[in-house]
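Summary of the model geometry
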Amino acid sequence: MTGEGPELYEMFDERFRTGRCMNGDADLEVLYTGCRWAEGPVYIPAWRQLVWSDIPNDRMLRWDEETGAVAVFRRSAGHANGNTLDRQGRLVTCEQGNRRVTRTEHDGTITVLADRWQGKRLNSPNDAAVKSDGSIWFSDPDFGITSDYEGYRADSEIGANNVYRIDPDTGEVRLVADCFGAPNGLVFSGDEQQLYVSDTRAGHVRVFDVRDDGTLSEGKVFADAAGRPAARFDNLRFDDGGRLWAAAMGDGVHCYDPDGTLLGRLVVPEAVANISWGGAKRNRLFVAAETSLYSVVMAVTGTHPTGPGRSPWTRSV
């Protein structure tokens, strides 16, 4: 099933064409519809399945690549938002409602990785990125505590919206970046020397240098939504050409050159909350947008979700 509507690709810079970003499927494929707000897709190679969140319905769903079937992965999921994988192929989930970051072990049990900073409850963890050293970095805006729609209304104990790092050895939760309106998506560059973080309320994406000790530089604006009133940035992903792809809500999916130029976008009929690369070649872009899960097979390839190199769990093809 393909989506109805305008052309899928809109080019703003010739590099969008010459970089093969417009090659591939001509239409979006609708994999599922029936969510209240779809978020957090992550492709699990060993299962050939995609898991994603339906936040207001407090469930996680899974789509099977072999059969196309969709089933409930987890119900009463803590109003889960972003999902990713660690270096051992375990599912890492940001639970807005439970105000914590968890890991699903291979036997199905759930381990709490972070629920407090300096003794105070987190706001509502949103998205996570795993570095090749095993550290887990996550954003903690207040989206899940501002109302009962995507979590539970509550006051912030921290009083700010920050980005944190979980130490792989000690489990210590350390604040690494602050001064955000609402930090949302985050992703490491291919060499892990930079961390990119979207700020939904500020309308921009910031980039930080990552120091050897796990701290960050002051950061600077990499891209902003100026002149595109429908755009609000959510999560971020890189392709292997160094281009940054950003879920831009009502403005579809943006594609940025490494120099920060907006090269083009994918036109999506619903507001795009989250994107993720997957499939056997990692050239299938999954798009979680409002009520639906879409995909498009492209001529560009996404970078590995757990940093440089191949992880031991990756299925050989």
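Let me sum up the structure you'll find in this document.

Cut-offs and rules
Residues numbered from 1 in each chain as written. Predicted model: local features only at pLDDT ≥ 70, side-chain atom pairs only at ≥ 80, totals over all residues. Heavy atoms only, no water. Salt bridge = Lys/Arg side-chain N within 4 Å of Asp/Glu carboxyl O. Helix = DSSP H or I, 4+ residues; strand = E, 2+ residues; numbered from the N terminus. Buried < 20%, exposed > 50% of the residue type's maximum accessible area, 1.4 Å probe, protein only. Pairing = 2+ DSSP bridges. Phe/Tyr/Trp six-rings, centres within 6.5 Å; stacked < 30°, edge-to-face > 60°. Lys NZ or Arg CZ within 6 Å of the ring centre and 35° of its normal. Core = buried A, V, L, I, M, F, W, Y, C linked by side-chain atoms within 4.5 Å. Contact = heavy atoms within 4.5 Å. Axes fitted to C-alpha atoms, helices over the stretch in contact; angles between N-to-C directions.

**Some thoughts on the pattern of salt bridges**
- For the coordinates displayed, the defined rule picks out 21 salt bridges.
- With its nearest N and O atoms 2.7 Å apart, the salt bridge here joins Glu65 to Arg48. Linking Glu65 in the loop between strand S5 (59-64) and strand S6 (70-75) with Arg48 in the loop between strand S3 (38-44) and strand S4 (49-54), this pair joins segments that are 17 residues apart in sequence.
- Its relative accessible area of 18% is what places Glu65 among the buried residues.
- For Arg48, a relative accessible area of 15% corresponds to the buried category.
- A salt bridge links Arg103 to Glu105, with the nearest nitrogen and oxygen atoms 2.9 Å apart.
- The exposure class assigned to Arg103 is buried, which follows from its relative accessible area of 18%.
- Judged by its relative accessible area of 16%, Glu105 falls in the buried class.
- Residues joined in a network through salt bridges with shared partners are Glu29, Arg48, Glu65, Glu66 and Arg284.

**Concerning the pairing of strand S9 (residues 100-104)**
- Extensive coverage of S9 is indicated by the burial of 4 of its 5 residues.
- Both strand S8 (residues 91-95) and S9 contribute to a ladder of 5 bridges, which runs antiparallel. Looking at S9, one finds that Leu91 is bridged to Thr104.
- Hairpin connection from S8 to S9: 4 residues lie between these consecutive antiparallel strands, with Arg99 at a positive phi of about 55°.
- Sheet analysis places S9 next to strand S10 (residues 110-114), joined by 4 bridges and oriented antiparallel. What sits directly across from Thr104, in S10, is Ile110.
- Hairpin connection, S9 to S10: the antiparallel pair is bridged by 5 residues, and Gly108 has positive phi, about 95°.

**Structural notes on the packing of aromatic side chains**
- In the structure shown here, the tally under the stated rule is 14 aromatic pairs.
- Here the aromatic rings of Tyr43 and Phe286 are separated by 6.1 Å at their centres, their planes lie at 15°, and the arrangement is stacked. Of this pair, Tyr43 sits in strand S3 while Phe286 sits in strand S26 (residues 284-289), and the two are 243 residues apart along the sequence. The burial state of Tyr43 is the same as that of Phe286; both residues are buried.
- For the ring pair Tyr196 and Phe222, a centre distance of 5.2 Å and an interplane angle of 90° mean the geometry is edge-to-face. Here Tyr196, found in strand S18 (residues 194-199), pairs with Phe222, found in strand S20 (residues 220-224); they are 26 residues apart in sequence, far enough to count as distant.
- The cationic tip of Arg206 hangs over the ring face of Phe180; the distance from NZ or CZ to the ring centre is 4.5 Å.

**Brief notes about the nonpolar core**
- Of all hydrophobic cores here, the largest spans 23 residues; its most connected members are Trp245, Val253, Leu266, Leu285, Val287 and Met298.
- Going through the elements one at a time, strand S22 (244-247), strand S23 (253-256), strand S24 (262-266), strand S25 (272-278), S26 and strand S27 (292-297) are the ones with two or more residues in this core.
- If we ignore the near neighbours within four places in the chain, the residues touching Leu285 are Val253, Leu266, Ile275, Ser276, Trp277, Tyr294, Ser295, Val296 and Met298.
- By size, the runner-up hydrophobic cluster in this structure holds 16 residues, among which are Val187, Phe233, Leu236 and Tyr256.

**With respect to the sheet that holds S8**
- Pairing within the open sheet is antiparallel, and its 4 strands lie in the order S7-S8-S9-S10. Edge strands, defined here as strands with exactly one partner in the open sheet, are strand S7 (80-85) and S10. For this sheet, the mean angle separating the axes of adjacent strands, direction not counted, is 30°.

None of this, on its own, says anything about what the molecule does.
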